[in-house]
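Listed here are the chains, written in short residue letters.
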Protein chains: 2
Amino acid sequence: MQRYFVPHDGWEEEQVHLSGEDVHHIKKVMRMKEEEEIICCTPDGHAAKCKIRKIEDDSVTCYIVQWLDEEKELPAHITIVQGLPKGDKMELVIQKGTELGAAAFIPFEAERSIVKWDAKKAEKKISRYQKIAKEASEQSHRTKVPTVESIHSVQEVITASEGYEWKLFAYEDEAKTDAFQSLKEVIPHIKPSQRVMMMIGPEGGFSEKEVDRLKQASFQSVRLGPRILRTETAPSYFLSAISYQLEELR
Amino acid sequence: MQRYFVPHDGWEEEQVHLSGEDVHHIKKVMRMKEEEEIICCTPDGHAAKCKIRKIEDDSVTCYIVQWLDEEKELPAHITIVQGLPKGDKMELVIQKGTELGAAAFIPFEAERSIVKWDAKKAEKKISRYQKIAKEASEQSHRTKVPTVESIHSVQEVITASEGYEWKLFAYEDEAKTDAFQSLKEVIPHIKPSQRVMMMIGPEGGFSEKEVDRLKQASFQSVRLGPRILRTETAPSYFLSAISYQLEELR
């Protein structure tokens, strides 16, 4: 069943009002009629089966048939801080990371990021990423859409990390040494509802300066298995391991 | 250090002979000179640091400096059987699956695969996938290149599955029900050196007929977390969870 993410002001006692692009999607893409059913999700992650009551030019009104008791969201809040990669790899990170349950993404302008964004380009990119996150949430039957933040410097990432119980970064050199910090020391100890910030370098990895600053800010370096992963593969490994631990092994 | 996969006939007592594309790569791409060092991997997954002794027109001769004791290969042998997906998604499956440690790939012509390959196209595709697997192996510092098999029908997959201790398929409906078979019943019980076949449907999933045949052939259906993953994301989830369990949690 098709699902839509409806903002706060769309919810009334027993009715839901959809507007904007969702109306176009229901009418033109799905070609739905009155009495057909959809799933509507609230901003705080609850989902309801709804029946379409009225289709108008610029709004669709539904009534709630049944609240669903779905557990589709990762129990922990995972923020992926991704060093700006080359080409359109960030789109892959957002799409796959959303499918795998990330709660938020922060694009990070690393010293070794080759791509540079000016303010105008950044705005366009972020709004495109938000759209990808929304579509991937629908497709993967999530009940929440992850947020995509504006581009951060290393200092801004460190400031943003203050509300997190876990601050991690994937340091390639960990995979090359024997004295690595294994995920065993981290993931099994993450509790549901805790906040985890996972930082991934761009293609060239973190600079020594960045590593020093992150360590000073109490970030722990971890390895993601013994092989060297491409920058866009690292978030998938981490999110899959978290899902396996918290949603399957539990 | 750049790594090369050298076939059996390239290995002598204390020397290694490289030929073909690797010679071009050493001379033209890396612009290496005599006395520089590379890593050479044997077909059975051992790696040696080697020094270049002689660069000729169509061969490069090295001597072995030191055998390396690298553990880069997943302890279990994982074969990904991938229902032919749309577009170039199979390339993504091979590249990411190689980084994440898969031992073999089998493209599977599913009932709901939209793409169809004739014999000529299949040959070209497979040789392209083998190249992607080789490059991804080098990049991720693996010591073995995964094999990419020819395209299989469901019957051929079932025949090929006979040598495997674990036969699994990712069934989307498992993620939708409460009575799912969790990975908890499977992954923690996989022993190093065991062979695991993991089968993933194409975009439309498996047909009922395929599900029946797989179940008759003792394949177990599993869910890969509670969210619905795109076909090309499913192998990454599975391989990451296996790596986490066998390489990090151990």
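What counts as what
- Residues numbered from 1 in each chain as written.
- Chains lettered and ligands numbered in written order.
- Predicted model: local features only at pLDDT ≥ 70, side-chain atom pairs only at ≥ 80, totals over all residues.
- Heavy atoms only, no water.
- UniProt positions renumbered as here; feature names shortened; annotations may be inferred.
- Helix = DSSP H or I, 4+ residues; strand = E, 2+ residues; numbered from the N terminus.
- Pairing = 2+ DSSP bridges.
- Axes fitted to C-alpha atoms, helices over the stretch in contact; angles between N-to-C directions.
- Contact = heavy atoms within 4.5 Å.
- Parallel < 35°, antiparallel > 145°, perpendicular 65-115°, else oblique.
- Left-handed = near helix turned anticlockwise from the far one by under 90°.
- Nonpolar A, V, L, I, M, F, W, Y, C, P; charged D, E, K, R; others polar.
- Polar contact = N/O pair within 3.5 Å; in protein donor to acceptor, adjacent residues only side chain to side chain.
- Least-squares fit on C-alpha atoms with pLDDT ≥ 70 in both.
- Domains from an automatic or database assignment.
- Buried area = accessible area lost by both parts, 1.4 Å probe.
- Salt bridge = Lys/Arg side-chain N within 4 Å of Asp/Glu carboxyl O.
- Core = buried A, V, L, I, M, F, W, Y, C linked by side-chain atoms within 4.5 Å.
- Buried < 20%, exposed > 50% of the residue type's maximum accessible area, 1.4 Å probe, protein only.

What follows is about the UniProt feature "domain: Ribosomal RNA small subunit methyltransferase E PUA-like" (unreviewed entry) in chain A. The sites that carry the UniProt feature "domain: Ribosomal RNA small subunit methyltransferase E PUA-like" (unreviewed entry) are, in the present numbering, residues 18-62 of chain A. Structurally, residues 18-62 of chain A comprises 20% helix and 44% strand, and the distance from its first C-alpha atom to its last is 8 Å.

A separate point is the sheet that holds strand E3 (residues 37-41) of chain B. All names here are of chain B. The sheet built from 5 strands is open, its strands ordered E1-E3-E4-E5-E2 with mixed pairing. Each end of this open sheet is capped by a strand with a single partner; those strands are strand E1 (3-5) and strand E2 (15-19). Averaged over all pairs of adjacent strands, the angle between strand axes in this sheet comes to 40°, irrespective of strand direction. Relative to strand E4 (residues 47-55), E3 runs antiparallel, the two sharing 5 bridges. Looking at the pairing, Cys-40 lines up with Ala-48 of E4. Across the sheet, helix H1 (residues 21-29) touches E1, E2, E3, E4 and strand E5 (59-68), and the angle it forms with E2 is around 95°.

Bringing the packing of helix H2 (residues 89-99) of chain B against helix H3 (residues 119-139) of chain B into the picture now. All names here are of chain B. Put simply, H2 and H3 touch, their axes get as near as 8 Å, and they point 30° apart. Of the possible angle classes, the one that applies to H2 and H3 is roughly parallel. For the pair H2 and H3, the crossing hand works out as right-handed. For the pair H2 and H3, the contacting residues are Met-90, Glu-91, Ile-94, Gln-95, Thr-98 and Glu-99 in the first and Arg-128, Tyr-129, Ile-132, Ala-133, Ala-136, Ser-137 and Gln-139 in the second. Residues belonging to the contact of H2 with H3 are distributed by class as follows: 6 nonpolar, 4 polar and 3 charged.

For the rest of this paragraph, the subject is the side chain of Lys-96 of chain B. With respect to the element layout, Lys-96 of chain B can be found in helix H2. Here the side chain of Lys-96 of chain B touches Glu-232 of chain A through a polar contact of 2.8 Å, side chain to side chain. Other than its neighbours up to four places away in sequence, Lys-96 of chain B contacts Arg-230, Glu-232 and Thr-233 of chain A together with Ser-236 of chain B.

Turning to the relation of the copies chain A and chain B, a few remarks are in order. Laying chain A over chain B is done by rotating through 180° and shifting 0.0 Å along the axis; what remains is an RMSD of 0.1 Å. Overall, the copies show the geometry of a two-fold rotation axis. Identified as the residue of chain A closest to the rotation axis by C-alpha distance is Ala-241 of chain A, at 2.6 Å. Of all interface residues in chain A, 100% are interface residues in chain B too; the two copies therefore contact each other through one and the same surface.

This part takes up the domain arrangement of chain A. Residue and element names in this part refer to chain A. Domain boundaries in chain A define domain 1 (3-68) and domain 2 (77-248). Each of domain 1 and domain 2 has a C-alpha centre, and these two points are 32 Å apart. Taken together, the contact pairs 10 residues of domain 1 with 9 residues of domain 2. Taken together, the two surfaces of domain 1 and domain 2 that pack against each other cover about 740 Å², and 58% of this comes from carbon and sulfur. The interface formed by domain 1 and domain 2 includes 1 salt bridge. In this structure, the salt-bridge partner of Lys-134 is Asp-22, at a minimum N-O distance of 3.5 Å. Counting the contacts that link domain 1 with domain 2 gives 4 residue pairs in polar contact (both at pLDDT 80 or more). Elements supplying a minimum of two residues to the side of domain 1 that touches domain 2: strand E1 (3-5) and helix H1 (21-29). Broken down by class, the residue content of the side of domain 1 that touches domain 2 amounts to 4 nonpolar, 2 polar and 4 charged.

Attention now moves to the nonpolar core. When a protein is soluble and globular, its nonpolar side chains tend to lie buried together. Ranked by size, the top nonpolar core spans 79 residues in total, and within it Leu-224 and Phe-238 of chain A together with Leu-224 and Phe-238 of chain B carry the most contacts. In contact with Leu-224 of chain A, not counting residues within four places along its chain, are Ala-170, Leu-183, Met-198, Leu-229, Ala-234, Tyr-237 and Phe-238 of chain A together with Glu-248 of chain B.

It is worth spelling out the interface of chain A and chain B at this point. Listed by partner, the interface residues are 45 residues for chain A and 45 residues for chain B. In this assembly, chain A packs against chain B so that about 3,600 Å² is buried in total across both faces, 49% of it on carbon and sulfur atoms. Residue Arg-223 of chain B is joined to Glu-248 of chain A by a salt bridge in which the shortest nitrogen-to-oxygen separation is 2.6 Å. For the pair chain A and chain B, the interface holds 38 residue pairs in polar contact (both at pLDDT 80 or more). If you tally residues by element for the side of chain A that touches chain B, the top one is helix H7 (residues 234-248) of chain A, at 9 residues. Of the residues contributing to the side of chain A that touches chain B, the split by class is 17 nonpolar, 13 polar and 15 charged.

Once that is clear, we can look at the pattern of salt bridges. Summed over the entire model, instances satisfying the criterion amount to 24 salt bridges over all chains. With its nearest N and O atoms 2.8 Å apart, the salt bridge here joins Glu-232 of chain A to Lys-96 of chain B. Separated into two different chains, Glu-232 of chain A in the loop between strand E11 (220-222) and H7 and Lys-96 of chain B in helix H2 make up a pair that spans both. We classify Lys-96 of chain B as buried; its relative accessible area is 7%. Each of Lys-89, Glu-203, Arg-230 and Glu-232 of chain A together with Lys-96 and Glu-99 of chain B takes part in one network of salt bridges that share partners.

The next point concerns the sheet that holds strand E11 (residues 220-222) of chain B. Backbone-to-backbone hydrogen bonds pair the strands of a sheet. The strands run either parallel or antiparallel. Residues and elements named next belong to chain B. Read from one edge to the other, the open sheet built from 6 strands follows the order E8-E7-E6-E10-E9-E11, with strand pairing classed as parallel. Across the chains shown, the open sheet's two edge strands, defined by having one partner strand only, are strand E8 (147-148) and E11. In this structure, strand E9 (residues 166-170) lies alongside strand E10 (residues 195-200), joined through 5 bridges in parallel fashion. In the sheet register, Phe-169 faces E10, and the bridge partner there is Met-199.

Here we come to unusual backbone geometry. Its identity as a non-glycine residue notwithstanding, Ser-193 of chain A has a phi of 80°, on the positive side. Its place among the elements puts Ser-193 of chain A in the loop between helix H5 (172-176) and strand E10 (195-200). Given the relative accessible area of 60%, Ser-193 of chain A is considered exposed. The backbone of Arg-31 of chain B sits at a positive phi, close to 50°, despite the residue not being glycine. Inspection of the secondary structure puts Arg-31 of chain B in the loop between H1 and E3.

Our focus in this paragraph is the packing of H7 of chain A against helix H7 (residues 234-248) of chain B. At a minimum axis separation of 8 Å, H7 of chain A and H7 of chain B run at an interaxial angle of 75°. As the angle between them shows, H7 of chain A and H7 of chain B are arranged roughly perpendicular. For the pair H7 of chain A and H7 of chain B, contact is made by Ser-236, Tyr-237, Ser-240, Ala-241, Ser-243, Tyr-244, Gln-245 and Glu-248 of chain A and by Ser-236, Tyr-237, Ser-240, Ala-241, Ser-243, Tyr-244, Gln-245 and Glu-248 of chain B, respectively. Its residues placed into classes, the contact of H7 of chain A with H7 of chain B shows 6 nonpolar, 8 polar and 2 charged.

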